[in-house]
Amino acid sequence: MAKTPELTPDDRPTGAITMYRDAPPTHFSFTIRSFSMLAKTSIESYETNHFEAGGYKWKLCMYPNGNKTKNIKDHISLYLVMVDANSLNPGWNVKVVFLYDQNQDKYLAMEDSNTRRFHVRKMDWGFDQFIAHKAFNDPANGYLVDDVAEVFVSKESCKGREEHLSMIKGAVAFKHFWKIENFAKIQTEFLESEAFIAGDHSWKVRLFPKGSGEGKGTHLSLYLVLAEDPAKLPVTRKVYVEFILRVKHISDGRSIQNKVIRWFGPGNSKGWAKFLQLTYMTQQGFLQRDSCNVEAEVTVLGVVD
């Protein structure tokens, strides 16, 4: 068997003790497929779903390109965050995070040389410089194989949870056109378009003709809705989506649009309460013959299970 690669001092997290072990950590595993796509997108950080350890709820928070708030570059930053510290016993701590070496089938344990206690004023622990990009991307180290990486947390010897983040290479945008007629006669609070498929998920556009929230009475409000039945989706399913919503001019092809990237969960809707001022919409020809045209452009960039 090939010799297990060693981390150089530049690769090793500051203040960390590193060691290899054969036995897998069993509490929580986080798999990232198409990691290079995660690093290339505008995701500054990613937070996993909650998992339990020691009777408390936790989540992992990863910065694929380094924690910019701490001026970290050329490294992955990784933190373990307590979700609720209200019932935390004094002195409770977690010290070890693992990175799977797929070449050697071993687990690189990153252990803080200083004991870090969790309390109500200190609800996170981890490494600003978890691992250097150079070491992480080196095929000889086995941390990133076929664009897949695995991170583990261990506190107890018990069967744990798994989470998989799959970024989609070559993600394709899907457009859906929706014409709303008899606009002034709409009596309901909102309308929804027919369902359409993008990235193997079902979506709808939700339109509030007289506005919602802070736009009520003054603006047209538009939202994108993950339209699949929440009862048929895992509660931990999250979909990473880039979407554009447009109101198109009736005659000359101009459009007013907003674009954003958001995480969607079952039943979620994302959009804008003040999408377009109603008076401007009428005066500028975006509402003619009591009709308006709306378009959604949806690109699914990643999925979490």
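Structure report, in brief.

Quick notes on the rules
- Residues numbered from 1 in each chain as written.
- Predicted model: local features only at pLDDT ≥ 70, side-chain atom pairs only at ≥ 80, totals over all residues.
- Heavy atoms only, no water.
- Helix = DSSP H or I, 4+ residues; strand = E, 2+ residues; numbered from the N terminus.
- Buried < 20%, exposed > 50% of the residue type's maximum accessible area, 1.4 Å probe, protein only.
- Contact = heavy atoms within 4.5 Å.
- Phe/Tyr/Trp six-rings, centres within 6.5 Å; stacked < 30°, edge-to-face > 60°.
- Core = buried A, V, L, I, M, F, W, Y, C linked by side-chain atoms within 4.5 Å.
- Salt bridge = Lys/Arg side-chain N within 4 Å of Asp/Glu carboxyl O.

1. Points about the overall build of the protein chain
Along its length, the protein chain carries three helices and 20 strands. Expressed as a percentage of its 305 residues, the buried residues of the protein chain come to 49%. Excluding contacts between residues fewer than 6 apart, the proportion of contacts in the protein chain whose partners are at least 24 apart in sequence is 69%.

2. Here's the deal with the side chain of threonine 31
Here threonine 31 is to be found in strand β2 (residues 28-33). A relative accessible area of 6% means that threonine 31 is categorised as buried. Those residues in contact with threonine 31 that sit more than four places away from it in its chain are Val148, Ala149, Glu150, Glu163, His164 and Leu165.

3. Quick look at the packing of aromatic side chains
For the structure on display, the rule yields 12 aromatic pairs. Ring centres of phenylalanine 190 and phenylalanine 208 lie 5.2 Å apart, and the angle between their planes is 45°; this geometry places the pair in the tilted category. A residue pair is termed long-range when its members are at least 10 positions apart, and phenylalanine 190 in the loop between β12 (174-180) and β13 (191-192) and phenylalanine 208 in strand β15 (residues 201-208) qualify at 18 residues. By relative accessible area, phenylalanine 190 is classed as partly exposed at 33%. With relative accessibility at 9%, the residue phenylalanine 208 sits in the buried group.

4. Focus on the nonpolar core
Membership of the largest hydrophobic core comes to 33 residues, with the highest contact counts inside it found for Phe183, Trp203, Leu222, Val241, Phe243, Val294 and Val298. Secondary-structure elements contributing two or more residues to this core are β12, β14 (196-198), β15, β16 (219-226), β17 (238-248), β18 (255-264), β19 (269-277) and β20 (292-304). Looking at which element gives the most residues to this core, the answer is β20, with six residues. Aside from chain neighbours lying at most four places away, what touches valine 241 is Trp203, Leu224, Val260, Ile261, Arg262, Phe264, Val298, Thr299 and Val300.

5. So, the pattern of salt bridges
Applying the stated criterion across every chain yields a total of nine salt bridges. A salt bridge links lysine 204 to glutamate 192; the shortest N-O distance between them is 3.7 Å. Here lysine 204 is found in strand β15, whereas its partner glutamate 192 is found in strand β13, with 12 residues between them in sequence. What makes lysine 204 partly exposed here is its relative accessible area of 25%. For the salt bridge of arginine 246 with glutamate 297, the shortest nitrogen-to-oxygen distance reads 2.8 Å. One end of the pair, arginine 246, is in strand β17; the other, glutamate 297, is in strand β20, and 51 residues separate them in sequence. Using a relative accessible area of 16% as the deciding quantity, one classes glutamate 297 as buried. The structure contains a network of salt bridges with shared partners spanning Glu192, Lys204 and Arg206.

6. So, unusual backbone geometry
A positive phi angle is found at serine 34, which is not glycine, with a value near 55°. A positive phi angle, close to 50°, is found at arginine 289, a residue other than glycine. Checked against the element boundaries, arginine 289 lands in the loop between α3 (278-283) and β20.

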